[in-house]
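Chain by chain, the residues:
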Amino acid sequence: MSSTLLEVTRSSHEEVERLERLVAKELTNDPTSSKDRLYQSHRVRFMLDQIINTSHKIVEIYEDKDNARKDEIAALGGHTAFGTNVFSAFYDRLKEIRDYHRRHPAARAVDADEEYEQMFKEDPVLDFSGEEGFGRYLDLHEFYNRYINSKFGERMEYIAYLNVFSQPQLIPRKRKMTRKYREYITELLEYLIFFFERTEPLQDLDRIFSKVASEFEEQWINGNVEGWENEGQENGHTFQPSAIDLDYYTTMEELVEVGPEKLKEALAALGLKSGGTVQQRAERLFLTKNTPLEKLDKKHFAKSLRGPEQNGNADVPSRKQEDDKELALMEVKIRKLCELLQENIVRTKENAEKKQGMTYEELLQELEDEETQADVESDDENETIYNPLKLPLGWDGKPIPYWLYKLHGLGQEFKCEICGNHSYWGRRAFERHFKEWRHQHGMRCLGIPNTKNFNEITSIQDAKELWEKIQARQGVHKWRPELEEEYEDQEGNIYNKKTYTDLQRQGLI
């Protein structure tokens, strides 16, 4: 029955409306956790993709490029080559319907809404690594190792790298002209895009990137791209990627004194071969002083820059500008993605700092707690817990007894200014927090060692005053040369340094 084109069109419209109702129904549910919110977003994304694909099919039918829809409508109206016979077309159609039901007497109507709900009810499979924590953190350890072990990077801690990986414009331009940097930027962009699509499936990344590209084109023409200033100016642009000014050298022997490394960098920047001895490199570079690059023999160019149709007149500077433009656009996209993932980056920094202050046993315990919490969230996820007193939840995900709540004093709030005015409920949690990472980090920021002397101290001012008193007390037992260093005069009298200096100034000694 659904073989006709008009029936396919009708069923497609019905499918789109059904999916729209399911999307609205799904979005009315308020997810209880970040995991549920992520599952919900992916389910909605899948339904939106189905709507888009079905809508494309409907548009193709309405375009009717082969006139099949037009012919079918004409046949339903009784229009044939021999004239118009409406009743004949009607009875033929009625006969077809009766024959169908005669062949399928047990056919029954199926509720498509229930079938669709069952299809989209299952949670999608999301591919997150253990370090990513189900989309809460970024896993940049691989890129961190490549950064600190490369020439364009520098040695630093992982937490410091989390502050600079989103700012590739700070890397000097001469360090970017390498294959390893291009591979690093390309793979970093691919990872950020993949992570963004997994954590924010409802965002239209193509629209975001199209806007970024349009703004980038305007900035590139004006030479205002951060980190690539004056690289994109087309009018009056002079291509001088070489760090060596050949106007200061009159002979090839003078270029040899520059050194092999600088000659290699200058040749690579021009797209020429950078191998050979120092004399060969200097000779190759000296050719560019009076000869334009497009007139050089193609044997002097590196293979990566010689295209299949190059006959000695390829525009190497234009090719170099296109490569730089592509690299700059990738950096701009990375900065935009880092802006959109700012919350995840901040959580990643906090998680890295937290792990630095924890032992191996504490890390294992935290992983077990997270798995237990995930299991509790998955079980009884639709069950509403009656908790009018807002009691803390126990290990089973249910409120603890009220007598236990009063016994541990969990209704008593303790605030610690050193921890950023963080609240701790109950005396036990308050006493334990002095050894935890948050308080240790706050004391480290104040420049004060976190010793037992500072237990029960929550005010920044009190901690500073106590630290000054401890330093003053320790200063009494230190060596004080003005009081303990001894001097002897000509008559054999013994004075300390301060007294001896005063008498000497008065001329008494």
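Just so you know, these numbers come straight off a predicted model, no measurement behind them. (Residues numbered from 1 in each chain as written. Predicted model: local features only at pLDDT ≥ 70, side-chain atom pairs only at ≥ 80, totals over all residues. Heavy atoms only, no water.)

## Side note on the overall build of the protein
Okay, so step 1: In terms of regular secondary structure, the protein is built from 22 helices and 6 strands.
Okay, so step 2: By residue count, 30% of the 509 residues in the protein fall in the buried class.
Okay, so step 3: Residue pairs in contact within the protein that sit at least 24 positions apart in sequence constitute 51% of those at least 6 positions apart.
Okay, so step 4: As displayed, the protein offers around 34400 Å² of accessible surface, 49% of which is attributable to carbon and sulfur atoms. (Helix = DSSP H or I, 4+ residues; strand = E, 2+ residues; numbered from the N terminus. Buried < 20%, exposed > 50% of the residue type's maximum accessible area, 1.4 Å probe, protein only. Contact = heavy atoms within 4.5 Å. Areas by Shrake-Rupley, 256 points an atom, 1.4 Å probe, with all protein chains shown as cover.)

## Some details on helix H6 (residues 141–148)
Okay, so step 1: Listing the buried residues of H6 in full gives Phe143, Tyr144, Tyr147 and Ile148. Looking down the long axis of H6, one finds its buried residues gathered within 125° of arc, a one-sided arrangement.
Okay, so step 2: Buried residues in H6 make contact with helix H7 (158–164) and helix H9 (179–199). (Arc of directions from axis to C-beta.)

## Brief notes about the pairing of strand S4 (residues 422–425)
Okay, so step 1: Here strand S3 (residues 413–416) pairs with S4 via 4 bridges, running antiparallel. Looking at the pairing, phenylalanine 414 lines up with tyrosine 424 of S4.
Okay, so step 2: As consecutive antiparallel partners, S3 and S4 are separated by 5 residues, and within that stretch glycine 420 has a phi angle of approximately 80°, a positive value. (Pairing = 2+ DSSP bridges.)

## Some points on the nonpolar core
Okay, so step 1: Leu140, Tyr161, Phe165, Tyr184 and Leu192 are the most contacted members of the largest nonpolar core, which totals 44 residues.
Okay, so step 2: Element by element, the count of residues in this core is highest for H9, at 9 residues.
Okay, so step 3: Ignoring anything within four residues of it in the chain, the contact list for phenylalanine 165 reads Leu138, Leu140, Tyr184, Leu188, Leu192, Ile334, Cys338 and Ile345.
Okay, so step 4: Phe430, Ile448, Phe454 and Ala463 belong to the second largest nonpolar core, which has 13 residues in total. (Core = buried A, V, L, I, M, F, W, Y, C linked by side-chain atoms within 4.5 Å.)

## Observations concerning the pattern of salt bridges
Okay, so step 1: Applying the stated criterion across every chain yields a total of 21 salt bridges.
Okay, so step 2: The shortest N-O distance in the salt bridge between lysine 176 and glutamate 331 comes to 3.2 Å. Here lysine 176 is found in helix H8 (residues 173–176), whereas its partner glutamate 331 is found in helix H14 (residues 316–340), with 155 residues between them in sequence. Of the two residues examined, lysine 176 and glutamate 331, each falls in the buried class.
Okay, so step 3: A salt bridge links arginine 182 to glutamate 326, with the nearest nitrogen and oxygen atoms 3.9 Å apart. Of the two residues, arginine 182 is situated in helix H9 and glutamate 326 in helix H14; the sequence distance between them amounts to 144 residues.
Okay, so step 4: Classification of glutamate 326 by relative accessible area gives partly exposed; the value is 44%. (Salt bridge = Lys/Arg side-chain N within 4 Å of Asp/Glu carboxyl O.)

## Focus on the packing of aromatic side chains
Okay, so step 1: According to the stated counting rule, one finds 20 aromatic pairs in the structure shown.
Okay, so step 2: Look at tyrosine 181 and tyrosine 184: their rings are 6.4 Å apart centre to centre, the planes differ by 40°, and that puts the pair in the tilted class. Remark: tyrosine 184 and tyrosine 181 occur in helix H9; sequence separation between them is 3 residues, near one turn of the helix.
Okay, so step 3: Accessibility expressed as a relative area gives 0% for tyrosine 181, which makes it buried.
Okay, so step 4: For the ring pair phenylalanine 454 and tryptophan 467, a centre distance of 6.4 Å and an interplane angle of 50° mean the geometry is tilted. Taken together, the residues span a long stretch of sequence, with phenylalanine 454 in the loop between helix H19 (437–446) and helix H20 (460–475) and tryptophan 467 in helix H20 at a distance of 13 residues.
Okay, so step 5: Taking relative accessible area as the criterion, phenylalanine 454 reaches 1% and is therefore assigned buried. (Phe/Tyr/Trp six-rings, centres within 6.5 Å; stacked < 30°, edge-to-face > 60°.)

## Observations regarding the confidence of the model for the protein
Okay, so step 1: On average, residues of the protein carry a pLDDT of 80, and 83% of them reach 70 or more.
Okay, so step 2: Per-residue pLDDT stays below 50 along residues 231–242; that stretch engages in 21 contacts with residues further than four places along the chain or on separate chains.
Okay, so step 3: A low-confidence stretch, residues 305–314 (pLDDT under 50), is modelled with 15 contacts involving residues beyond four sequence positions or located in other chains. (pLDDT = per-residue confidence, 0-100.)

## A closer look at the side chain of glutamate 26
Okay, so step 1: Along the polypeptide, glutamate 26 turns up in helix H1 (residues 5–28).
Okay, so step 2: With near-sequence residues (within four places) excluded, glutamate 26 lies in contact with Gln40, Arg43, Val44 and Met47.

## Regarding the environment of asparagine 450
Okay, so step 1: Of note, asparagine 450 is situated in the loop between H19 and H20.
Okay, so step 2: Considering only alpha carbons, one finds asparagine 450 and phenylalanine 434, 16 residues apart in sequence, at a separation of 8.2 Å.
Okay, so step 3: If we ignore the near neighbours within four places in the chain, the residues touching asparagine 450 are Phe434, His439, Gln440 and Met443.
Okay, so step 4: A distance of 3.0 Å separates a polar atom in the side chain of asparagine 450 from the backbone oxygen of phenylalanine 434. (Polar contact = N/O pair within 3.5 Å; in protein donor to acceptor, adjacent residues only side chain to side chain.)

## Focus: unusual backbone geometry
Okay, so step 1: Of note in the backbone geometry, asparagine 67 takes a positive phi value of approximately 60° without being a glycine.
Okay, so step 2: Its location among the elements puts asparagine 67 in the loop between helix H2 (34–63) and helix H3 (68–76).
Okay, so step 3: The backbone phi angle of asparagine 421 is positive, close to 60°, even though this residue is not glycine.
Okay, so step 4: With respect to the helices and strands, asparagine 421 occurs in the loop between S3 and S4.

## Remarks on the side chain of threonine 288
Okay, so step 1: Its location among the elements puts threonine 288 in the loop between helix H13 (278–286) and H14.
Okay, so step 2: Within the local environment of threonine 288, its side chain forms a polar contact with the backbone oxygen of leucine 285, the two atoms lying 2.5 Å apart.
Okay, so step 3: Here threonine 288 is in contact with Leu246, Leu270, Leu272, Leu293 and Leu296, once residues within four sequence places are set aside.

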